[in-house]
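Architecture and fold: a report
One letter stands for each residue in the lines below.
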Amino acid sequence: MPESRAIVAAEVGLHARAAAVFVRAVTDTGLAVTIRKHDGRPVDARSLLEVMTEDFGHGCEVLLEVAPDSLAAGQSVAAAENALTALSAVLEATEAR
């Protein structure tokens, strides 16, 4: 299962605007992606409510994973890895776009 680690760079963490930008980017990939803290439970990264509820604060390291059944829809592993790299870049941007 493709995965990537990232550090949340937004000063307010994944709240409001930064979370919305991230969730929109995840949704645009067409993949089922989860996000979690090292010791936390995975949540659906396509859900604004779930992402905001988990309290991914500034400087928090997160793990992004693509569900294996997402790849059955015609996505390649390489495409999923590229998508996770792009999502990590969104999280590591200092400001929400």
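Before going into details, it helps to say that this report is about the structure given with it. Model, not experiment: these values are computed from the prediction.

**Description of helix α4 (residues 77–92)**
An ideal rise of 1.5 Å per residue puts 22 Å on 16 residues; α4 measures up with 22 Å between its terminal C-alpha atoms. For α4, the complete set of buried residues consists of Ala80, Ala83, Leu84, Leu87, Ser88, Val90 and Leu91. One face of α4 carries all of its buried residues, which in axial projection span an arc of 155°. Away from its buried face, by an angle of more than 90 degrees, α4 presents the exposed residues Asn82 and Thr85. Those residues of α4 that are buried are in contact with β1 (3–7), α1 (16–29), β2 (33–37), β4 (61–66) and α3 (68–71).

**A look at the pairing of β4**
Across the 6 residues that make up β4, a large majority, 5, are buried. Alignment of β1 against β4, held across 5 bridges, turns out to be antiparallel. Each bridged residue has a counterpart across the sheet, and for Glu3 the counterpart in β4 is Glu65. Looking at chain direction, β2 and β4 are connected through 5 bridges and run antiparallel. Across the sheet, Arg36 pairs through a bridge with Leu63, a residue of β4.

**Here we look at unusual backbone geometry**
In this structure, Ala16 is a non-glycine residue whose phi angle is positive, near 50°. Counting through the fold element by element, Ala16 comes out in helix α1. A positive phi is found at Asp55, a non-glycine position, where the angle reads about 60°. Take Asp55: it is sitting in the loop between α2 (48–53) and β4.

About the criteria used
Residues numbered from 1 in each chain as written. Predicted model: local features only at pLDDT ≥ 70, side-chain atom pairs only at ≥ 80, totals over all residues. Heavy atoms only, no water. Helix = DSSP H or I, 4+ residues; strand = E, 2+ residues; numbered from the N terminus. Expected span 1.5 Å × (residues − 1). Buried < 20%, exposed > 50% of the residue type's maximum accessible area, 1.4 Å probe, protein only. Arc of directions from axis to C-beta. Contact = heavy atoms within 4.5 Å. Pairing = 2+ DSSP bridges.

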